[in-house]
There are 6 protein chains.
Amino acid sequence: MKNNVVLKISGKWLSPENSKVVTGYVEILKKIKDKGVRLAVIVGGGSTARNYIDVARAFNVSESWLDLLGIESSRLNALLLVSLLQGYVHPKIPQNIKEFIDIWYTTDLIVICGGFQPGQSTTSVAALIAEAIGSKLIINAARVDGVYDKDPTKYSDAKKFNKITLSKLEKILSTSSSFKAGGYEVIDPLTINILKRAKIRMRIVYGGDPLNVLRVLEGKEIGTLIIPE
Amino acid sequence: MKNNVVLKISGKWLSPENSKVVTGYVEILKKIKDKGVRLAVIVGGGSTARNYIDVARAFNVSESWLDLLGIESSRLNALLLVSLLQGYVHPKIPQNIKEFIDIWYTTDLIVICGGFQPGQSTTSVAALIAEAIGSKLIINAARVDGVYDKDPTKYSDAKKFNKITLSKLEKILSTSSSFKAGGYEVIDPLTINILKRAKIRMRIVYGGDPLNVLRVLEGKEIGTLIIPE
Amino acid sequence: MKNNVVLKISGKWLSPENSKVVTGYVEILKKIKDKGVRLAVIVGGGSTARNYIDVARAFNVSESWLDLLGIESSRLNALLLVSLLQGYVHPKIPQNIKEFIDIWYTTDLIVICGGFQPGQSTTSVAALIAEAIGSKLIINAARVDGVYDKDPTKYSDAKKFNKITLSKLEKILSTSSSFKAGGYEVIDPLTINILKRAKIRMRIVYGGDPLNVLRVLEGKEIGTLIIPE
Amino acid sequence: MKNNVVLKISGKWLSPENSKVVTGYVEILKKIKDKGVRLAVIVGGGSTARNYIDVARAFNVSESWLDLLGIESSRLNALLLVSLLQGYVHPKIPQNIKEFIDIWYTTDLIVICGGFQPGQSTTSVAALIAEAIGSKLIINAARVDGVYDKDPTKYSDAKKFNKITLSKLEKILSTSSSFKAGGYEVIDPLTINILKRAKIRMRIVYGGDPLNVLRVLEGKEIGTLIIPE
Amino acid sequence: MKNNVVLKISGKWLSPENSKVVTGYVEILKKIKDKGVRLAVIVGGGSTARNYIDVARAFNVSESWLDLLGIESSRLNALLLVSLLQGYVHPKIPQNIKEFIDIWYTTDLIVICGGFQPGQSTTSVAALIAEAIGSKLIINAARVDGVYDKDPTKYSDAKKFNKITLSKLEKILSTSSSFKAGGYEVIDPLTINILKRAKIRMRIVYGGDPLNVLRVLEGKEIGTLIIPE
Amino acid sequence: MKNNVVLKISGKWLSPENSKVVTGYVEILKKIKDKGVRLAVIVGGGSTARNYIDVARAFNVSESWLDLLGIESSRLNALLLVSLLQGYVHPKIPQNIKEFIDIWYTTDLIVICGGFQPGQSTTSVAALIAEAIGSKLIINAARVDGVYDKDPTKYSDAKKFNKITLSKLEKILSTSSSFKAGGYEVIDPLTINILKRAKIRMRIVYGGDPLNVLRVLEGKEIGTLIIPE
């Protein structure tokens, strides 16, 4: 049985303004596919999502609708990746977990998707997918290079964890109030619950360097490993 | 503009074994519709869901798949209600928030649905819908008659709250570990987050007496009111 | 070319209350697939269908709607089987003959479905599928162990047929009036017509013992063989 | 509540070669709609269906596939009628009973459809629809002008019935063997069963004169009335 | 019968970076709807489309795929407008002419869409829609304020036409080679053909000022009127 | 990588009245598939389309609607071919370029379709498909045997081109006014634009002899080759 890997890529790295990083991911994904690893890729909405959400938020549009704008933006990022990976990817972008499953079990191609539903971050989509296909590892190519004990952009003495349990992570997060559309942090409560119940590990790495994904697959212990305990 | 009311009915009360309660809901919903109140109804999976999930769990099927069984069971309960309310309800059962919105804004009929996605309880579906259509109240016709300070089935001195803030409720819930398919309690973390961000109130009443829904609409302060603070 | 086998399983044997029989079918279907036999499986609605239909019938809901409840119940049984056979089955449950064909010709996996349309029993769905894919045998894992000359539950001297022609069967059935939703007997007029026009044989065996399906594939002449003459 | 009328029109009268009759139906249907009568219209495949089926039958294609060609042909006839009745009809042609119901309860426009599924004549589609929407009369604008005691094209002394019960009709039909795709006669076993169980009357009139539909609505007792007894 | 107006808005004016213009369109569209005018709105892809297409074009992705990226971008702009016009617009964004027609004839709400198919500009989508619903005027809120005899950005003596026939316009365009994805000029060959065959007028006005749409509806002769001759 | 060939077949040759030619195509397509060549087949509407369009045109139905009738007719021709090529073709008929792509990259079977959208000839559908899948040759099995310098049915001295550039072809066509539904000539402006931008060649051969398709694949220089210059 082939190895199943779930890869979440922050939308930041797939938006048009980072076209060099996009190029990097196209090459990396082809290489991983050629090695025979099966890949599920979930991409975020990035700056496109943020731009559209900002306009709508000024009109007091509800968070559900803001999420819908974010989801469509993430699907546009997914479509960009699909268009650049023809022959390597399934051309259809699944819009919910049922469609994902239908495609996953009937192809060997890479399956790429964006968000599914309002109220769910693309990270929790990655967790749901990993659970549904029985994958035990999610690689999260994030905007940041790991989990810190405090905000590293504000505190110069912030310390990055090599490993952290979900229980400990939950305590750190319990002070932040970040459950707004487009602003889901590295990990959100729904994701934590799924990782727990399905005993899935998630390794957070800096997504600005696509080679980090390869490094994880080769066993390098970079970024932060989140352990479902 | 008509009043929008979101009604969550526990699947327990719509499963075939409670056919008398089903009859009660059919009558109540017709009456409410005839008064010109717009109704979104979300139904749970009840015993049908539990029965199917139990079989699958014995095979170590993942929670995502268990959720899918629960979702289809809740849709069967929804279809039963639809078949009994012809002419009063939109015949189509929306399968995600986008479909719900498409139907809601193009009809005056009652819209009935079950679950949407794995990882979401039907209560959080009710919260997402309330947020999307701008409703500020969810009536939760639950298995229980309100929120208690401890488990009333175990402690005879358990005390029911007339009102409780989300913050206080979160503290009470933080001890319980109930995030399993089919076992979502009265309220789950995702629901709490949506109620908070959209400032929606939820009144929990005993769903075994359909008249309780009418009582709430008439201003009776029964059950427990959860306040988004 | 692989052998195409169409298997109808009575919903009775796939409802949650018969979880041991469900387990048996999961094992048998895996074995048959591993032997390289292509399988189309059609499941009935069983007790779930009956429970929901009973509630709705008390409201004088039309037979078309009762059939819809039965069809959704049969699809829930199909979903249960799909969740237990991941990797062996196509994850999508086709909802009409066109969808069935689309899936059948593009996969080697087992395809599982429930009912298609009001006015059609799941047995006639099995017949339509056999005709569409050119299969000449339907194995009907029924509630009973074959066709009798009179009702074996009422007459102790009822005699089971080893073989019976459709013409003879029609004569026996012409006295019974069983064309009600959820109450289709072993075989109905629509099924008979399809078996006739497409010259398909149907072997009725006792479905409570999943091994009977294997026995038929191994050439055992159990139950009753219905011959299209 | 508006009167619901189900009208079956033989495909013969809606195929391009009978464009004058088509014109007649366009005018009649507008008139009936303007009177406030709600109309469900089911059209057959006619000569288009027969032409395509004939080619495929020469290749020994199965009856299921022949039915699919017939169904698509009937939908083409339906689309022609829809294009000529813009503003009077719902533009979507429902493809199964669920889609029909979804449209029927959310519009006041005429709903037009062709066939639904292999193994069902368009007449039985009309019967299923009548049952689902609670209509008690089907007007069948047929190729013939009623039901006869023998084939009127062969026997000059054939006698037309003004009224006939289903039981008597079944006896007459029991000798004919006409259950082939494209060759369903005026009424088939599935239709008979639905008319019986839902107690629906069907009046067969000569469809070559569209005014006959109006005549029936005005109470004229033309053609043959089939009574569900 | 209500007046049908087809409004094409250049994607430039609906992209997030022009949020003030977006605000203007939201107000104008509500006003027009409140006057009882029926509106079909088609929006282009704007800078979002251009950004995504630029990335993909660097990979030598085919024009068909570039068009798909442009179409999804235009739908994102459409979704933004839908989210800001709740209660005034149909929430569903039709993805082809058939879906557009299905929605148009079953609602009084504004219908908003983006592109339909590769090889078609959103302007030609506007023309197809005008033809299908029998509208004789398209208001094109463009990036420019009309049609000139030469490129006004290059020649200071370029002269704007108040009126121009399609035949004359075709001659002017026959020198430019602008049939690339994302770069369709004010009008393209397919649009010209549809305007001709359906005898539809198109008035090009500067879209940066949303009030121009109102001005046209009030009879002001601004911009350039293209006449189907 | 397998060779991709796009084959456009005029609807004339697939309509029921030319059943012998249909038979020829069935045999030829099987042979080509067995050689390992990947085939995309696009079929026109032929006489079926013309018959339905003629009826509707007499009612002054708009060209968009006439195109819809033509598209459905072409899909009926496609379905006929699909029914005759079971096991060689993907059973689903894609209805737009996105569906075509989804199928093309997930099967090795022949993919057959009819028209996609009003305003597009089936020839331009063939061009869009060739562009999307990177094919550089379209074989157009037309009603005629090539491109002439004047109408060969009117002028006995009309001369057939062996080769012709698009630029030259455009000049010849600029005099004809043939942009009406069902009357698209051998090539239309949209097709020309796509052939140009994607640098695709199209060879026009007489479609009445299916062997011509094989001859082209074997390198025979029959008919007229249109060169994208």
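Residues numbered from 1 in each chain as written. Chains lettered and ligands numbered in written order. Predicted model: local features only at pLDDT ≥ 70, side-chain atom pairs only at ≥ 80, totals over all residues. Heavy atoms only, no water.

(A) Spotlight on the pattern of salt bridges. Tallying each qualifying case throughout the model produces 49 salt bridges over all chains. One salt bridge connects Glu131(C) with Arg197(C), and the closest N-O pair in it is separated by 2.8 Å. One end of the pair, Glu131(C), is in helix H5 (residues 122–133); the other, Arg197(C), is in helix H7 (residues 189–198), and 66 residues separate them in sequence. Lys196(D) is the partner of Glu170(D) in a salt bridge, and the nearest nitrogen-oxygen pair spans 2.9 Å. Of this pair, Glu170(D) sits in helix H6 (residues 166–173) while Lys196(D) is found in helix H7 (residues 189–198), placing the two residues 26 residues apart along the sequence. Residue Lys196(D) is classed as partly exposed on the basis of its relative accessible area of 31%. Where salt bridges share partners, they join Asp67(A), Glu131(B) and Arg197(B) into one cluster. (Salt bridge = Lys/Arg side-chain N within 4 Å of Asp/Glu carboxyl O. Helix = DSSP H or I, 4+ residues; strand = E, 2+ residues; numbered from the N terminus. Buried < 20%, exposed > 50% of the residue type's maximum accessible area, 1.4 Å probe, protein only.)

(B) Spatial organisation of the environment of Ile110(F). All names here are of chain F. Checked against the element boundaries, Ile110 lands in the loop between helix H4 (97–104) and strand S3 (111–113). When the C-alpha positions of Ile110 and Ala127 are compared, they lie 17 Å apart, and in sequence the two are 17 residues distant. The contacts of Ile110, once residues within four sequence positions are left out, are Leu29, Lys33, Leu39, Val41, Tyr88, Val89 and His90. (Contact = heavy atoms within 4.5 Å.)

(C) Focus on the arrangement of the chains. Chain A makes no contact with chain D; the smallest distance between any of their C-alpha atoms is 21 Å. Chain B shows no contact with chain F. Their nearest C-alpha atoms sit 21 Å apart.

(D) Main features of the confidence of the model for chain A. Residue and element names in this part refer to chain A. For chain A, per-residue confidence averages 90 on the pLDDT scale, and 94% of positions sit at 70 or higher. Mean pLDDT in chain A bottoms out at helix H6 (residues 166–173), which sits at 84, and peaks at strand S3 (residues 111–113), which reaches 98. Scored below 50 in pLDDT, residues 177–184 makes 23 contacts in the model with residues more than four places away or belonging to other chains. Predicted complex, confidence summary: ipTM 0.92, pTM 0.90. (pLDDT = per-residue confidence, 0-100.)

(E) View of the interface of chain F and chain C. Each side of the interface is counted separately: chain F has 7 residues, and chain C has 6 residues. Between chain F and chain C the total buried area reaches about 490 Å² when both faces are included, carbon and sulfur atoms providing 64% of it. Of all residues in chain F, Gln86(F), Pro91(F) and Lys92(F) bury the most surface against chain C, accounting for 62% of the area lost on that side. Across the chain F-chain C interface, the total number found is 0 salt bridges. (Buried area = accessible area lost by both parts, 1.4 Å probe.)

(F) Here's a closer look at the sheet that holds strand S1 (residues 4–9) of chain D. Residues and elements named next belong to chain D. Judged by pairing direction, the sheet is mixed, and its 7 strands sit side by side in the order S3-S2-S1-S4-S6-S7-S5 without closing on themselves. Two strands close off the open sheet at either side, each with one partner strand: strand S3 (111–113) and strand S5 (163–165). Pairs of neighbouring strands in the sheet enclose a mean axial angle of 20°, with direction left out of account. Here S1 pairs with strand S2 (residues 38–43) via 6 bridges, running parallel. Its bridge partner lying in S2, Val5 is registered against Leu39. Against the sheet, helix H3 (residues 63–84) engages S2 and S3, with an angle of about 140° to S2. (Pairing = 2+ DSSP bridges. Axes fitted to C-alpha atoms, helices over the stretch in contact; angles between N-to-C directions.)

(G) Fine view of the relation of the copies chain F and chain C. At an RMSD of 0.0 Å, chain F and chain C line up after a rotation of 120° and a shift of 0.0 Å along the axis. Such a combination of rotation and displacement between the chain copies is what one expects of a three-fold axis. For chain F, the smallest separation between a C-alpha atom and the rotation axis is recorded for Thr106(F), amounting to 5.1 Å. (Least-squares fit on C-alpha atoms with pLDDT ≥ 70 in both.)

(H) Spotlight on the interface of chain E and chain A. In this complex, chain E contributes 25 residues to the contact, which on the side of chain A involves 25 residues. Counting the surface lost from both chain E and chain A, the interface buries some 2400 Å², and carbon and sulfur atoms represent 84% of this. Broken down residue by residue, the surface that chain E buries against chain A is led by Tyr52(E), Trp65(E) and Leu76(E), which jointly contribute 29%. Here chain E and chain A share 0 salt bridges between them. For the side of chain E that touches chain A, the secondary-structure elements that each account for two or more residues are helix H1 (19–34), helix H2 (46–57) and helix H3 (63–84) of chain E. The element best represented in the side of chain E that touches chain A is H3(E), accounting for 12 residues. Across the side of chain E that touches chain A, the residue classes break down as 16 nonpolar, 8 polar and 1 charged. (Nonpolar A, V, L, I, M, F, W, Y, C, P; charged D, E, K, R; others polar.)

(I) Summary view of the relation of the copies chain E and chain A. Mapping chain E onto chain A leaves a residual RMSD of 0.0 Å; the transformation is a rotation of 180° accompanied by 0.0 Å of translation along its axis. This pairing of chains is accounted for by a two-fold axis. When the interface residues of chain E are mapped onto chain A, 100% of them again lie at the interface, so the same face is used by both copies.

(J) Molecular detail of the packing of helix H2 (residues 46–57) of chain C against helix H3 (residues 63–84) of chain C. All names here are of chain C. Put simply, H2 and H3 touch, their axes get as near as 8 Å, and they point 155° apart. The angle between the axes of H2 and H3 places the two elements in the roughly antiparallel class. Considering only the axes of H2 and H3, their crossing is right-handed. Counting all contacts with H2, which are made through Gly46, Thr48, Ala49, Tyr52, Ile53, Ala56 and Arg57, the residues of H3 involved are Glu63, Leu66, Leu69, Gly70, Ser73 and Asn77. (Parallel < 35°, antiparallel > 145°, perpendicular 65-115°, else oblique. Left-handed = near helix turned anticlockwise from the far one by under 90°.)

(K) Representation of the environment of Phe59(B) in the model. As for its position among the elements, Phe59(B) is in the loop between helix H2 (46–57) and helix H3 (63–84). Residue Phe59(B) is classed as partly exposed on the basis of its relative accessible area of 28%. C-alpha separation for the pair Phe59(B) and Trp13(B), spaced 46 residues apart in sequence, amounts to 28 Å. Discounting chain neighbours no more than four positions away, the residues touching Phe59(B) are Thr23(C), Val26(C) and Leu84(C).

(L) Up close: the packing of aromatic side chains. Enumeration over the complete set of coordinates arrives at 12 aromatic pairs over all chains. Each ring, one from Trp13(A) and one from Tyr206(A), has its centre 5.3 Å from the other, and the planes form 75°; the classification is edge-to-face. Of the two residues, Trp13(A) is situated in the loop between strand S1 (4–9) and helix H1 (19–34) and Tyr206(A) in strand S6 (residues 201–206); the sequence distance between them amounts to 193 residues. You can call Trp13(A) buried: its relative accessible area is 5%. The class of Tyr206(A) is partly exposed, set by a relative accessible area of 36%. Measuring from centroid to centroid gives 5.7 Å for Phe100(C) and Trp104(C), while their planes differ by 20°, and the two rings are stacked. Residue Phe100(C) and its partner Trp104(C) are both found in helix H4 (residues 97–104); the two are separated by 4 residues, about one turn of the helix. For the pair Phe100(C) and Trp104(C), one class covers both residues: buried. Taking the ring centre of Trp104(B) as reference, the NZ or CZ of Arg38(B) above it sits at 3.6 Å. (Phe/Tyr/Trp six-rings, centres within 6.5 Å; stacked < 30°, edge-to-face > 60°. Lys NZ or Arg CZ within 6 Å of the ring centre and 35° of its normal.)

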